[in-house]
Amino acid sequence: AGGSHRSFCSPSAVPRCERSLGLGIPCDWMFPRFATSAGAGHSGDSRRLILTVALSLLVLPHDALCFVSTLSASPRLARAATRATPALRAAFASGLMPNTGSRRARLAGRAMQTGLQMQDGGMMLPKDSPQDILNWTKKQDRERKEEKGRKASVQTKPYGEWDSPISSKDLTDGAVGLGAPVFDGDALYWLEGRPSEQGRVVVMKKDASGITDVTPANFNVRTRVHEYGGGDFTVSAGIVYFTNFKDQRLYAQLAFPGAEPIPLTPEGKLRFADFAMDVARDRLVCVVEDHSVEGQEPSNSLAAISLEGPSEDGVFPPIVTLASGRDFYAAPRLRKDGGALAYVSWMHPNMPWDSTSLFVSDVQDDGSVADAREVAGGPQESVTSPVWDALGDLYFVSDRSGFYNIYRLDENKGVNLKEMEAEFAGPMWRLGGQAFSFLPDGRILCNVKQPGVVGSKLSILDPLDGGLTPVGAGYSQFGGFAVSEQGVAILGGSFKKPMELALVPTDKLEGGKADVVKVSTEYQVRSLFLSQPEMIEFPTGREGESAWMVYYPPQNAKFTPPDGTLPPLLVKSHGGPTASTSTSFNLGIQFWTSRGYAVADVDYSGSSGYGRAYRQRLQGQWGVKDVEDCCAAAQYLEKQQLVDGLKMAIDGGSAGGYTTLSALAFKDVFKAGCSMYGIGDLDALARDTHKFESRYLDSLIGPLPEAASVYKERSPINSIDKFDCPIIFFQGADDKVVPLNQAEMMHKAVKDKGVLTSLVVFEGEAHGFRKAENIQRSIEGELFFFNTAFGLNAKMPDTMEDIVMDNYDPMLPNEVRSFIMVDGWQMEIGEESGVIRLLGKEPIAEEAFFPEVRPDRPTGGSSDRDREETLDDFVEWL
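Worth saying up front: this structure is predicted, and the values here are computed from it rather than measured.

Some thoughts on the overall build of the protein chain
When helices and strands are counted, the protein chain shows 19 helices and 41 strands. Classification of the 878 residues of the protein chain by burial places 54% in the buried group. Considering only contacts in the protein chain between residues 6 or more positions apart, those separated by 24 or more positions represent 55%. When the accessible area of the protein chain is evaluated, it comes to approximately 38700 Å², of which 50% is carbon and sulfur surface.

Looking at the packing of aromatic side chains
The description of an aromatic ring pair uses the distance of the two centres, along with the angle that the planes make with each other. Inspection of the entire model under this criterion finds 30 aromatic pairs. Centroid distance Y610 to Y614: 4.8 Å. Interplanar angle 40°. Geometry classified as tilted. Accessibility assignment for this pair places Y610 and Y614 in one class, buried. A connected cluster of aromatic rings, assembled from ring pairs, spans Y228, F328, W346, W353, W429, F692 and Y696. One Lys or Arg, R595, reaches over the ring of F591 and ends 3.8 Å from the middle of that ring. Positioned over the ring face of F328 is K691, at 4.9 Å from the centre of the ring.

With respect to the pattern of salt bridges
Counting across every chain of the model gives 39 salt bridges. Here R373 and D362 are joined by a salt bridge, their closest N and O atoms 3.4 Å apart. You can see R373 sitting in strand β17 (residues 369-377) and its partner D362 sitting in strand β16 (residues 357-363), a full 11 residues away along the chain. The exposure class of R373 is partly exposed, given its relative accessible area of 30%. Under the relative-accessibility criterion, D362 is labelled partly exposed at 27%. Its salt-bridge partner being D371, residue R373 comes within 3.4 Å of it at the nearest N-O pair. D371 sits in the partly exposed class, given a relative accessible area of 49%. Ionic contacts of the salt-bridge type, sharing partners, join the residues E192, R194, E197, R200, D213 and K518 into one network.

Description of the nonpolar core
Among the nonpolar cores identified, the biggest contains 150 residues, and F436, W622, F670 and F786 are the most heavily contacted of them. The leading source of residues in this core is helix α11 (residues 625-639), at 7 residues. Excluding its chain neighbours within four sequence positions, the residues that come into contact with F436 are S385, V387, Y395, F396, V397, I406, I444, L445, C446 and F481.

Considerations on unusual backbone geometry
Look at the link from G576 to P577: it is a cis peptide, with omega at 5°. Topologically, P577 is positioned in the loop between β33 (569-573) and α9 (587-593). A cis amide bond, omega 5°, links L704 with the succeeding residue P705. For P705, the position within the fold is in the loop between α14 (696-700) and α15 (708-714). Phi is positive for D371, close to 55°, though the residue is something other than glycine. Examined against the element boundaries, D371 turns out to sit in strand β17.

Things to note about the pairing of strand β3 (residues 187-194)
Consecutive side chains of a regular strand alternate in pointing toward one face of the sheet and then the other. Most of β3 sits out of view: 8 of its 8 residues are buried. Across the two faces of β3 the burial is the same, with A187, Y189, L191 and G193 and L188, W190, E192 and R194 all buried. As paired strands, strand β2 (residues 177-184) and β3 are joined by 6 bridges and run antiparallel to one another. For V182, the partnering residue across the bridge sits in β3 and is Y189. Connecting β2 to the next strand, β3, in antiparallel fashion are 2 residues, including G185 with a positive phi near 70°.

Details of the side chain of S594
Following the sequence through the fold, S594 ends up in the loop between α9 and β34 (598-603). Reaching out from S594, the side chain makes a polar contact with the side chain of S164 at a distance of 2.5 Å. When sequence neighbours within four positions are dropped, the list of residues in contact with S594 reads W162, D163, S164, I166, F529, Q555 and N556.

Some thoughts on the confidence of the model for the protein chain
For the protein chain, mean pLDDT is 82; residues scoring 70 or higher make up 79% of the total. Low pLDDT, under 50, characterises residues 844-867; the stretch is placed with 36 contacts to residues that sit more than four places away or in other chains.

A look at α11
Spanning 15 residues, α11 covers 20 Å between terminal C-alpha atoms, matching the ideal 21 Å at 1.5 Å per step. In this structure, the buried side of α11 is in contact with β30 (534-539), β31 (546-552), β33, β34, β35 (648-653) and α12 (655-666). Just beyond α11, the residue with positive phi is Q641, at close to 60°.

Quick word on the sheet that holds β2
The 4 strands lie next to each other as β2-β3-β4-β5, forming an open sheet whose pairing is antiparallel. This sheet does not close on itself; its edge strands, each paired only once, are β2 and β5 (210-213). Here the strands of the sheet are splayed against their neighbours by 25° on average, with no regard to which way each runs. Bridge count for β3 against strand β4 (residues 200-207) is 7 bridges, and the pairing is antiparallel. Bridged to Y189 within β4 is K205.

Notes on the environment of P568
When you line up the elements, P568 lands in the loop between β32 (559-560) and β33. Given a relative accessible area of 1%, P568 falls into the buried group. Ignoring anything within four residues of it in the chain, the contact list for P568 reads Y159, G160, G596, Y597, A598, K647 and F790.

Here's the deal with the packing of α11 against α12
Two quantities define a packed helix pair, namely the angle between the axes and the distance from one axis to the other. Here α11 crosses α12 at 70°, and the two axes come no closer than 9 Å. Between α11 and α12, the angle is such that the two are roughly perpendicular. Listed contacts from α12 to D626, V627, C630 and C631 of α11 are T659, S662 and A663. Within the contact of α11 with α12, the residues separate by chemical class into 4 nonpolar, 2 polar and 1 charged.

A short note on the sheet that holds β17
The 4 strands lie next to each other as β14-β15-β16-β17, forming an open sheet whose pairing is antiparallel. Sheet topology places β14 (328-334) and β17 at the edges, where each strand pairs with a single neighbour. Averaged over all neighbouring strand pairs, the angle between strand axes comes to 25°, with direction disregarded. Here β16 pairs with β17 via 6 bridges, running antiparallel. Among the inter-strand pairings, V360 is bridged to a residue of β17, identified as R373.

Comments concerning the environment of D507
With respect to the secondary-structure elements, D507 resides in the loop between β28 (500-505) and β29 (515-519). Between the alpha carbons of D507 and L439 there is a distance of 9.8 Å; along the sequence they are 68 residues apart.

With respect to the environment of V822
Summarising the element assignment, V822 is placed in strand β39 (residues 817-822). When the C-alpha atoms of V822 and G840 are compared, they prove to be 9.4 Å apart, with 18 residues separating the residues in sequence.

Overview of the side chain of H747
Along the polypeptide, H747 turns up in helix α16 (residues 740-752). Note on H747: relative accessible area 12%, which makes it buried. Here the side chain of H747 touches D806 through a polar contact of 2.8 Å, side chain to side chain.

Cut-offs applied
- Residues numbered from 1 in each chain as written.
- Predicted model: local features only at pLDDT ≥ 70, side-chain atom pairs only at ≥ 80, totals over all residues.
- Heavy atoms only, no water.
- Helix = DSSP H or I, 4+ residues; strand = E, 2+ residues; numbered from the N terminus.
- Buried < 20%, exposed > 50% of the residue type's maximum accessible area, 1.4 Å probe, protein only.
- Contact = heavy atoms within 4.5 Å.
- Areas by Shrake-Rupley, 256 points an atom, 1.4 Å probe, with all protein chains shown as cover.
- Phe/Tyr/Trp six-rings, centres within 6.5 Å; stacked < 30°, edge-to-face > 60°.
- Lys NZ or Arg CZ within 6 Å of the ring centre and 35° of its normal.
- Salt bridge = Lys/Arg side-chain N within 4 Å of Asp/Glu carboxyl O.
- Core = buried A, V, L, I, M, F, W, Y, C linked by side-chain atoms within 4.5 Å.
- Pairing = 2+ DSSP bridges.
- Polar contact = N/O pair within 3.5 Å; in protein donor to acceptor, adjacent residues only side chain to side chain.
- pLDDT = per-residue confidence, 0-100.
- Expected span 1.5 Å × (residues − 1).
- Axes fitted to C-alpha atoms, helices over the stretch in contact; angles between N-to-C directions.
- Parallel < 35°, antiparallel > 145°, perpendicular 65-115°, else oblique.
- Nonpolar A, V, L, I, M, F, W, Y, C, P; charged D, E, K, R; others polar.

Below, the structure is given as structure tokens:
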């Protein structure tokens with residue numbers, strides 16, 4: 001184009017060419033091959049020269065940048081170069097060189113990058129260093145490759161059949177349950193439940209020397225008081241006091257590995273829980289449950305256990321009863337000076353969230369108690385979590401305002417510290433819980449749950465002015481906390497962060513960084529595979545009443561569904577029924593969503609966390625409103641076109657199992673269900689269940705025998721003729737809350753009706769599954785069962801025992817079926833599943849053929865080849 005490279009560079013391009021080398025040397029010296037002895041304009045030779053140079057410089061970044069700059073500075077030359085050959089035109093189209101004539105959007109996008117400049121015409125400016133340009137080019141290439149890789153890696157596959165990085169083994173392998181943190185001096189203790197060790201629970205310790213297991217291998221720290229347990233251990237002066245699961249005796253153990261536990265109580269049928277240390281009298285005050293009298297309901301009391309242990313001849317000190325005569329006791333708490341004992345008590349037929357009373361007794365010098373007086377509670381009030389402060393004032397939680405708020409006892413009257421439509425405590429299903437604790441400065445550390453908000457907030461409540469300050473950033477769900485002079489131990493997590501035990505210095509609770517002590521699982525999953533929960537308020541169909549659910553959409557970065565399809569739905573009905581859902585990290589939910597299922601975790605009417613009125617909606621309405629709400633949740637999601645209405649399933653455990661069975665028996669919304677240790681016979685439940693829940697149904701259904709007809713009417717076992725969809729049952733053989741015979745009765749009834757069903761019994765399991773292999777098999781079996789029922793690909797893991805299904809029918813439930821006759825053979829065809837079944841018995845003539853128009857035959861089905869077809873050929877074609 002001229003006598004030298006410099007001659008056809010624009011004035012702005014020449015200095016850029018020099019700078020692009022970083023040397024300040026003229027380009028005609030660095031690139032003599034650009035120089036020509038004569039000629040001007042864009043001749044064929046010059047175009048060939050441009051092409052040759054351009055292609056040769058593609059592997060030389062600095063030279064290429066210089067050449068690109070030249071073409072950018074001369075649009076006319078650039079257009080001529082692109083006309084020279086398709087190869088060079090392809091180089092421009094691929095983005096290796098900027099096409100200034102078309103002002104590529106790619107170059108325009110560069111203007112937004114920090115440190116990169118360009119003119120309006122799409123030209124690079126002098127401020128662009130060659131390294132900037134090179135880095136930007138590499139970044140663009142990398143992003144294009146990553147985008148191409150993402151598109152290539154994303155597969156189209158039906159909902160429910162996605163391959164997930166979350167396996168059933170991930171739910172248990174390396175996973176532990178964390179609970180009950182407590183301080184003893186500077187040492188922190190907590191409980192660790194281990195599915196990999198058959199559900200064994202051990203005491204763990206963290207001190208200056210590190211983290212150690214305290215409990216010997218042949219012990220299991222777990223009480224069976226009320227069957228649900230809780231309050232399994234306490235620690236004082238370096239000694240751990242705990243109940244052992246196997247024999248339910250109380251033991252003392254020096255808090256270091258290898259120390260042998262010493263029994264403090266004799267062999268027998270007593271159970272112990274919820275301990276309070278009476279240091280001045282060298283004894284433990286606790287709840288005692290006596291199962292000594294066969295055929296009678298066990299008795300409960302508060303008692304004192306001497307810490308002396310047995311004498312040399314094996315005689316134990318007597319157990320001293322402190323309070324008795326009422327049906328239930330909980331939360332014994334001694335004032336700091338040991339002169340007063342506060343505790344909670346209630347009577348049949350109430351549950352602790354219906355009506356309890358708070359008592360205070362004076363403790364005499366000899367350890368006896370006197371002058372027990374009721375200071376809070378009553379027929380329409382639930383009181384829980386009494387706590388003494390350092391000055392001897394008594395605080396507690398009550399729902400007298402309509403929500404569980406914190407009160408201070410002031411001259412025998414309760415003063416609400418912070419009246420809120422929020423819950424500072426939950427229903428007392430387990431013993432030993434503590435809803436709040438005092439910080440060293442007198443403020444209160446508490447957990448606050450507000451209706452309609454995902455999770456809860458750890459907060460500091462000022463008892464003087466009611467000020468509430470949120471703390472615990474990064475957590476949205478809390479499983480407990482403990483306070484010492486130096487620090488606070490927090491059990492916290494979120495939907496994407498597994499529950500973990502963390503330490504925060506007391507003076508840095510507001511904004512301080514937590515030191516993680518232990519995580520509940522080492523499993524890490526990328527957020528691209530985690531479904532984010534959403535709180536949804538939905539109409540129940542009853543005037544003036546709405547309910548809540550936590551909705552999880554399907555989420556898997558590697559799969560996309562076929563166009564126009566919607567995901568199957570799994571509605572989860574929680575147990576209790578006076579309980580609630582949780583939005584903490586839950587691989588048991590993400591297991592489903594990462595496979596293409598949507599999940600709705602329903603807080604139906606009667607759930608906790610929404611105030612007393614919401615909780616009492618279920619009184620007399622169990623099996624009605626909870627069922628209506630679960631169905632309404634599913635129908636709401638179907639109406640919003642979020643789920644496939646033909647692939648909606650429901651599952652639940654215990655009381656949630658009853659809701660599941662009732663929804664399948666009395667409603668026509670769900671197409672499949674899974675009951676885990678669920679209740680099928682209400683009358684049998686009332687007869688067979690344990691003391692704690694033996695009168696629970698009085699409020700949920702009605703008292704017996706007056707409400708006997710209601711029990712019969714609402715029991716799914718009595719409505720087996722209404723079951724029209726597949727059901728699978730999982731049951732523990734040793735369950736005392738919901739006996740095995742209920743699952744067996746339900747399974748037999750469904751099986752006899754010819755409906756697809758299965759019963760899986762786990763030996764050695766009680767109410768809820770603790771063994772890793774059973775937890776894994778139950779969720780894999782449930783997925784296998786639902787996918788089978790929905791006509792999706794279904795397969796149990798190769799390493800796992802198959803689920804035996806009764807009345808297996810390869811056709812989908814309730815699908816439209818066609819019946820045709822072919823040469824005397826009757827065939828049944830499932831129009832949705834595509835399954836074909838031969839029903840006729842007479843053989844077909846071998847010469848039979850089918851001359852109808854066949855889209856898969858170019859001849860329309862009339863050739864000699866087609867005349868040789870058999871019935872099997874026709875079935876295969878169908």
